[in-house]
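Each chain, letter by letter, is given below.
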Amino acid sequence: MNTELLTQLFVNGVIIGTLYGVVAMCFTLIYKSTKIINFAQGEFLLIGAWVCWWILNQFNIPFFFAFILCLGFMMLLGILLQVLVLRPMIGQPIISVIMVTIGLSIFFQAAMKWMFGVAPQPFPKVFETKSVEILGLNVQSAYIMSMIISVVIMLGFAWFFKYSRMGLAMRATAFDQQVAQSMGISVKRVFAMSWAISAMVSAMAGIVVGMVNGVSPGLSHFGIKVFPAIILGGLDSIVGAIAGGLIIGIMENMAEFVDGQYLNWGNMYNIAPFYALIIILMIRPYGLFGTKDIERI
């Protein structure tokens, strides 16, 4: 057994798993507050990466300022989408709203291809060294940054939902929208903020992945890869989103190790999470930490 390779892949799995967990939290945030699964979540990653790439190339400013400008743009985009596109759909069947998010996904993919082309573009140099050695393992500098930011975001989410007024309002709205509104909570404002936060955090993930692999239309598929993590952890659980992301991140890297060393089937890295998705839906469809709904027939 190649122990060094196994350790390297395990560490990579933990790092990419935290990134999955962050994006999964964005799915969960929107679902908890609006009961909508946003199928355009992957496009938020794509837009964020392209916008940051464009700012860096166009204005030649330090990465930190481009990063902040990109997050500000994504916050405004999230609010505008909720106000102009999703808000008029309030009261409509859930399937209609889901189809709107699918339409947004297709529209954004086409718009990004029209504006930036389909060829992958390397991200401008951000760090002096592309990778650093930690305990004998080579780790991408961008992944170290993503690990730090992801942990900060997770802690920030925990504080936000427990202590902030908007976080408490979101929890109340997720529990019962009518009761929350009767207590003076602006449900429309909660919806807008949930989309704004989701767009910002997803953009951060897109920037990190773009720094490592370059920016291309394929970046939007990252949102689809996060689905197994959401279902595994529980669609309405923030803690489940984090746990599901870590599990899927480690699982796909371990699948790559087993496939490369023993099976030689190919592509196990991409399909192993979806095997897990099928199994969890068969055994525990509400996930490890999700709420089990019991309905009287």
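Scroll up for the structure.
Being a predicted model, the structure only gives us computed values, none of them experimental. (Residues numbered from 1 in each chain as written. Predicted model: local features only at pLDDT ≥ 70, side-chain atom pairs only at ≥ 80, totals over all residues. Heavy atoms only, no water.)

## Section: the pairing of strand 2 (residues 137-140)
Thinking step 1. Residues Leu 137 and Val 139 point to one face of strand 2 and are all buried, whereas Asn 138 and Gln 140, pointing to the other face, are not buried.
Thinking step 2. Sheet topology places strand 1 (residues 131-134) next to strand 2; 4 bridges connect them, and they run antiparallel. Paired with Glu 133 across the two strands is Asn 138, which belongs to strand 2. (Buried < 20%, exposed > 50% of the residue type's maximum accessible area, 1.4 Å probe, protein only. Helix = DSSP H or I, 4+ residues; strand = E, 2+ residues; numbered from the N terminus. Pairing = 2+ DSSP bridges.)

## Considerations on the nonpolar core
Thinking step 1. In terms of nonpolar packing, the biggest core is built from 84 residues, with Phe 63, Phe 123 and Phe 222 touching the most fellow members.
Thinking step 2. The dominant element in this core, judged by the number of residues it contributes, is helix 8 (residues 187-213), at 13 residues.
Thinking step 3. Phe 123 has contacts with Ala 49, Cys 52, Trp 53, Leu 56, Phe 63, Ile 207, Gly 210, Met 211, Gly 214 and Val 215, leaving out every residue within four places of it along the chain. (Core = buried A, V, L, I, M, F, W, Y, C linked by side-chain atoms within 4.5 Å. Contact = heavy atoms within 4.5 Å.)

## Things to note about a nonpolar patch on the surface
Thinking step 1. A contiguous nonpolar patch, built from Tyr 275, Ile 278, Ile 279, Met 282 and Ile 283 and spanning about 600 Å² of accessible area, is present on the exposed surface.
Thinking step 2. Here Tyr 275 falls in the partly exposed class, since its relative accessible area comes to 47%. (Patch = residues over 30% accessible without salt bridge, like charges linked within 9 Å, V, L, I, M, F, W, Y side chains within 5 Å. Areas by Shrake-Rupley, 256 points an atom, 1.4 Å probe, with all protein chains shown as cover. Salt bridge = Lys/Arg side-chain N within 4 Å of Asp/Glu carboxyl O.)

## Structural notes on helix 1 (residues 3-34)
Thinking step 1. In a regular helix each residue adds 1.5 Å, so 32 residues correspond to 46 Å; helix 1 covers 46 Å between its end C-alpha atoms and thus fits that length.
Thinking step 2. The positive-phi residue at the C-terminal boundary of helix 1 is Lys 35, with phi of around 65°. (Expected span 1.5 Å × (residues − 1).)

## Observations regarding the pattern of salt bridges
Thinking step 1. Under the counting rule described, the total for this entry stands at 1 salt bridge.
Thinking step 2. Of the charged contacts, one joins Glu 252 and Lys 225 as a salt bridge, the two residues approaching to 3.9 Å between their closest N and O atoms. Here the residue Glu 252 occupies a position in helix 11 (residues 238-263), and Lys 225 occupies one in helix 9 (residues 222-225), the gap between them amounting to 27 residues.
Thinking step 3. The exposure class assigned to Glu 252 is buried, which follows from its relative accessible area of 0%.

Everything listed here is a matter of geometry and, on its own, says nothing about what the molecule does.
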